[in-house]
Amino acid sequence: MARAPSTPKITRTLKDLRRHIARYRKAGETVALVPTMGALHDGHLTLVRTAKQKAQRAVVSIFVNPTQFAPNEDLARYPRDEAGDLAKLATVGADLVWAPSPDEMYGANFATRIEVEGAARGLEGAFRPHHFAGVATVCCKLFSQATPDVAIFGEKDYQQLCVIRQMVRDLNLPLAIHGVATVREKDGLARSSRNAYLSADERAAAPTLSVAIRTVAVQVADGTKQAAAIKAATKALERAGFGPIDYIAVADAETLDRWDPKSGRPGRVLVAARLGTTRLIDNVPVPRRKA
Ligand code: PAJ
């Protein structure tokens with residue numbers, strides 16, 4: 001019988017986490033992990049709902065991982081609201097929250113880094129050189145701490161999802177990775193903890209980002225040259241007040257190399273652009289056209 005939703009248990013030490021996981025395993029239960037940095041919104045909650053469908057126990061990690069932020073990035077001002085997060089997680093039936101301190105996660109003499117190549121190299125990797133090593137290393141640790149059967153990630157961070165899949169494949173990590181479609185506001189803006197940084201005017205302009213990449217996706221599917229579609233989208237974003245625009249790219253959905261429309265492989269349009277002081281990212285699939 002389904003358990004009634006209640007506030008999830010919170011654990012802050014690896015020893016305690018392992019005790020909970022051992023109890024689930026002893027009862028023959030499967031475990032899904034949802035890695036997050038907190039400041040939870042409906043996108044995260046959708047991942048937790050998916051976790052509950054994929055396994056009997058949903059474990060959510062909340063850890064603002066310092067190693068994936070560059071010194072000039074927003075680590076210090078990254079939104080944090082643990083009480084609010086726990087209340088939201090109660091509504092979706094999360095069983096356990098893993099919220100270690102940076103010391104509990106990394107200890108004093110931490111000296112290991114997982115560097116994924118391939119999918120991690122371009123796009124975000126070019127603008128945030130150490131970002132994916134930080135993400136891959138912490139996710140690998142989270143996987144070996146919580147030993148889930150499956151981990152749930154959002155397509156919102158599409159390149160991150162590709163990097164995690166690559167790492168899991170390459171290192172034979174014994175879990176499945178499940179991707180979930182991006183959850184959006186009614187006006188199309190992808191839900192993000194960083195949307196909280198936007199002023200009222202910026203928030204009004206922000207949906208242009210998803211409109212621009214959707215337009216590129218439809219155009220390249222219909223045979224428009226990628227460079228022309230990207231140029232028009234860049235102009236539309238600049239008119240709406242975005243800038244600098246770090247990239248708009250049409251990529252192979254798996255390798256993230258440049259997409260060849262003749263390859264028959266799925267494509268993805270990805271963007272990163274600044275609106276005021278906030279850097280937003282988004283992506284959409286290239287629609288499949290019948291040959
Ligand atoms: P965070 O930005 O908190 O995101 C946690 C997870 O929620 C990621 O898998 C992300 O893709 C997903 N997510 C965020 N917004 C979403 C949306 N609008 N729709 C669907 N899914 C969404 O990504 C990270 O944290 C970190 O890099 C982490 C993986 C936890 C490693 O530190």
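Since we're looking at a predicted model, the values are computed, not measured.

The rules behind each value
Residues numbered from 1 in each chain as written. Predicted model: local features only at pLDDT ≥ 70, side-chain atom pairs only at ≥ 80, totals over all residues. Heavy atoms only, no water. Buried < 20%, exposed > 50% of the residue type's maximum accessible area, 1.4 Å probe, protein only. Helix = DSSP H or I, 4+ residues; strand = E, 2+ residues; numbered from the N terminus. Pairing = 2+ DSSP bridges. Near = heavy atom within 4 Å. Polar contact = N/O pair within 3.5 Å; in protein donor to acceptor, adjacent residues only side chain to side chain. Areas by Shrake-Rupley, 256 points an atom, 1.4 Å probe, with all protein chains shown as cover. Domains from an automatic or database assignment. Contact = heavy atoms within 4.5 Å. Buried area = accessible area lost by both parts, 1.4 Å probe. Salt bridge = Lys/Arg side-chain N within 4 Å of Asp/Glu carboxyl O. Expected span 1.5 Å × (residues − 1). Arc of directions from axis to C-beta.

### Some thoughts on the pairing of strand β9 (residues 278-285)
Next up, step 1: With seven of eight residues buried, β9 is to be regarded as a mostly interior element.
Next up, step 2: Note that strand β8 (residues 267-275) and β9 share eight bridges and pair antiparallel. Opposite A273, over in β9, you have L280 as the bridge partner.
Next up, step 3: Linking β8 back to β9 in an antiparallel pair, the connection comprises two residues, with G276 at a positive phi of about 60 degrees.

### Quick notes on the site of the ligand
Next up, step 1: Residues in close proximity to the ligand total 21 residues, the closest being Q68, D157, Q160, V183 and R191.
Next up, step 2: Separating an oxygen atom of the ligand from a side-chain N or O atom of Q160 is a distance of 2.7 Å.
Next up, step 3: Contact between the ligand and R191: a nitrogen atom at 2.8 Å from a main-chain N or O atom of the residue.
Next up, step 4: Notes on the ligand: free accessible area 630 Å², of which the protein chains cover 95%.

### Quick word on the domain arrangement of the protein chain
Next up, step 1: By the assigned domains, the protein chain splits into domain 1 (9-180) and domain 2 (193-285).
Next up, step 2: Computed from C-alpha coordinates alone, the two centres of domain 1 and domain 2 are separated by 26 Å.
Next up, step 3: With 21 residues of domain 1 at the interface, the matching set in domain 2 holds 17 residues.
Next up, step 4: Across the interface of domain 1 and domain 2, roughly 1,800 Å² is buried in total on both sides, 51% from carbon and sulfur atoms.
Next up, step 5: Where domain 1 packs against domain 2, one counts three salt bridges.
Next up, step 6: Among the ionic pairs, R268 bridges to E155, the shortest N-O distance being 3.2 Å.

### Describing helix α1 (residues 14-26)
Residue pairs spaced three or four apart in an α-helix point in one direction, given the helix's 3.6 residues per turn.
Next up, step 1: Over its 13 residues, α1 extends 18 Å from the first C-alpha to the last, a length consistent with the 18 Å expected when each residue adds 1.5 Å.
Next up, step 2: Residues of α1 that are buried include every one of D16, L17, H20, I21 and Y24, and no others. Here the buried residues of α1 occupy an arc of 135 degrees about the axis, which is enough to place them on one side. Facing away from the buried side of α1 by over 90 degrees, the exposed positions are K15, R19 and K26.
Next up, step 3: Following α1 by one or two positions, G28 adopts a phi angle in the positive range, close to 75 degrees.

### Details of unusual backbone geometry
Next up, step 1: Going from G243 to P244, the amide bond is cis rather than trans, its omega being -5 degrees.
Next up, step 2: Its place among the elements puts P244 in strand β7 (residues 242-252).
Next up, step 3: With a phi close to 65 degrees, L256 is a non-glycine residue in the positive phi region.
Next up, step 4: Mapped onto the elements of the fold, L256 is located in the loop between β7 and β8.

### Focus on helix α7 (residues 158-170)
Next up, step 1: With 13 residues, α7 should cover 18 Å at 1.5 Å per step; its first-to-last C-alpha distance of 18 Å lies within 8% of that length.
Next up, step 2: With respect to burial, α7 is a largely interior element, 10 of its 13 residues being buried.
Next up, step 3: Check the buried side of α7 and you find it contacts α5 (124-127), α6 (131-146), β5 (150-154), β6 (176-180), β8 and β9.
Next up, step 4: Of the residues flanking the end of α7, it is N172, one or two places downstream, whose phi is positive at about 55 degrees.

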